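In case you want the letters, here they are:
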Amino acid sequence: MKLHLLPSITLLPPPHETADDAQIIEDWARGLDWVKWLLGSVRARTEVLMVEGVAWDEFADGVLRETIGPALKSAWQAALAGDLAGLIAADERLSAQLPPELAQRSIQAGAVLLKSTRHARYQAVLGRLREAVGQGDCAGHIAVVWAAVGHFFQLSLTNVIAEYLHLEWDIATRDLEHREKPTGRHSIAGLTSQVMRGTQAEEALSVVARR
């Protein structure tokens, strides 16, 4: 079931057996409002994240495709399964794959988000991730922390990806006079779709088309 209430792609989580549709929608909408507020704290305290200046296309075809997108997917799946080891593994891959400067920015933004959610109740795997970061077992990259937070608020993977991209766009363009969002395959919707399904099929089609 889809809702078209926001410019990002929004999908409801699977309904609980004991909840009616109205309650599911209300809970989901409340959760999305909360995470938008939480991400606002990251926006306010982060000068630059992954995207520098106006290099959105470079980010889309580079670090998003190669590291951040896969990390969001694997971390959300681990959070869904309550798998702390999976979250730590996704975090460690980011530490190994990101250049030092980008890794430091990512960790700093993750720390802000962890701090913003420290008083939430019944945190489950998010709370265990917080403990692991505090104990030095993992760094706490923003993509991993955000995936765990998004799952905590019952957001779908689609929402988690789309809202991360909105965060990157807002941070990268907040000082620009003209902030017209990209269209086509580099739009937030287009990139969300690419991360969700991967790009191997598209690459295969493009190879065939060139022959």
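Notes on the structure in this doc start here. (Residues numbered from 1 in each chain as written. Predicted model: local features only at pLDDT ≥ 70, side-chain atom pairs only at ≥ 80, totals over all residues. Heavy atoms only, no water.)

### Observations concerning the overall build of the protein
Summing up its helical and strand segments, the protein has 9 helices and 0 strands in all. Across the 211 residues of the protein, 47% fall into the buried class. Considering only residue pairs separated by 6 or more positions, the protein has 73% of its internal contacts joining residues 24 or more positions apart. With an accessible surface of roughly 11,300 Å², the protein has 54% of that area assigned to carbon and sulfur atoms. (Helix = DSSP H or I, 4+ residues; strand = E, 2+ residues; numbered from the N terminus. Buried < 20%, exposed > 50% of the residue type's maximum accessible area, 1.4 Å probe, protein only. Contact = heavy atoms within 4.5 Å. Areas by Shrake-Rupley, 256 points an atom, 1.4 Å probe, with all protein chains shown as cover.)

### Remarks on the packing of aromatic side chains
The tally for this structure, following the rule as stated, stands at 3 aromatic pairs. On the numbers, 5.2 Å between centres and 50° between planes, the contact of W56 with F59 is tilted. With W56 and F59 both in helix 2 (residues 56-80) and 3 residues apart, the pair spans about one turn of that helix. The same class applies to W56 and to F59, which are both buried. Aromatic side chains F152 and F153 sit 5.0 Å apart centroid to centroid with 85° between the ring planes, which places their arrangement in the edge-to-face category. Three or more aromatic residues joined by ring pairs form one cluster here, namely W56, F59 and W169. (Phe/Tyr/Trp six-rings, centres within 6.5 Å; stacked < 30°, edge-to-face > 60°.)

### What to know about the pattern of salt bridges
Under the defined criterion, the tally for this structure stands at 4 salt bridges. In this structure, E52 and R105 form a salt bridge, with 3.4 Å as the shortest nitrogen-oxygen distance. In this pair, E52 is assigned in the loop between helix 1 (21-45) and helix 2 and R105 in helix 4 (residues 100-116), connecting sequence segments 53 residues apart. Take E52: its relative accessible area is 46%, and that puts it in the partly exposed class. Among the residues examined, R105 registers a relative accessible area of 11% and is labelled buried. Ionic pairing is found between E101 and R105, a salt bridge with its closest N-O pair at 2.8 Å. Placement of the pair is E101 and R105 together in helix 4, with a separation of 4 residues, close to one helical turn. For E101, a relative accessible area of 53% gives the class exposed. (Salt bridge = Lys/Arg side-chain N within 4 Å of Asp/Glu carboxyl O.)

### Let's talk about the nonpolar core
In terms of nonpolar packing, the biggest core is built from 58 residues, with M50, F59, I68, L87, W146, V149 and Y164 touching the most fellow members. Elements supplying a minimum of two residues to this core: helix 1, helix 2, helix 3 (84-97), helix 4, helix 5 (125-134), helix 6 (142-152), helix 7 (157-173) and helix 8 (188-197). The element best represented in this core is helix 2, accounting for 12 residues. In this structure L87 touches A75, A78, A79, V125, L129, V144 and A148, once residues within four positions along its chain are discounted. (Core = buried A, V, L, I, M, F, W, Y, C linked by side-chain atoms within 4.5 Å.)

### Examining the side chain of Q123
Following the sequence through the fold, Q123 ends up in the loop between helix 4 and helix 5. For Q123, a relative accessible area of 10% gives the class buried. Looking at Q123, its side chain comes within polar contact range of the main-chain oxygen of R118, at 3.2 Å. Setting aside residues no more than four positions away along its own chain, Q123 makes contact with T117, R118, R130 and F152. (Polar contact = N/O pair within 3.5 Å; in protein donor to acceptor, adjacent residues only side chain to side chain.)

### A look at the packing of helix 4 against helix 6
Taken N-terminus to C-terminus, the directions of helix 4 and helix 6 make an angle of 25°; their axes are 7 Å apart at the nearest point. As the angle between them shows, helix 4 and helix 6 are arranged roughly parallel. Residues S106, A109, G110, L113 and L114 of helix 4 pack against I142, V145, W146 and V149 of helix 6. Its residues placed into classes, the contact of helix 4 with helix 6 shows 7 nonpolar, 2 polar and no charged. (Axes fitted to C-alpha atoms, helices over the stretch in contact; angles between N-to-C directions. Parallel < 35°, antiparallel > 145°, perpendicular 65-115°, else oblique. Nonpolar A, V, L, I, M, F, W, Y, C, P; charged D, E, K, R; others polar.)

### Comments concerning the environment of E52
Along the backbone, E52 and I171 are 119 residues apart, and their C-alpha atoms lie at a distance of 9.3 Å. Within the structure, the side chain of E52 is placed 3.4 Å from the side chain of R105, a separation counted as a polar contact.

These results come straight from atomic positions and should not be treated as a statement about function.
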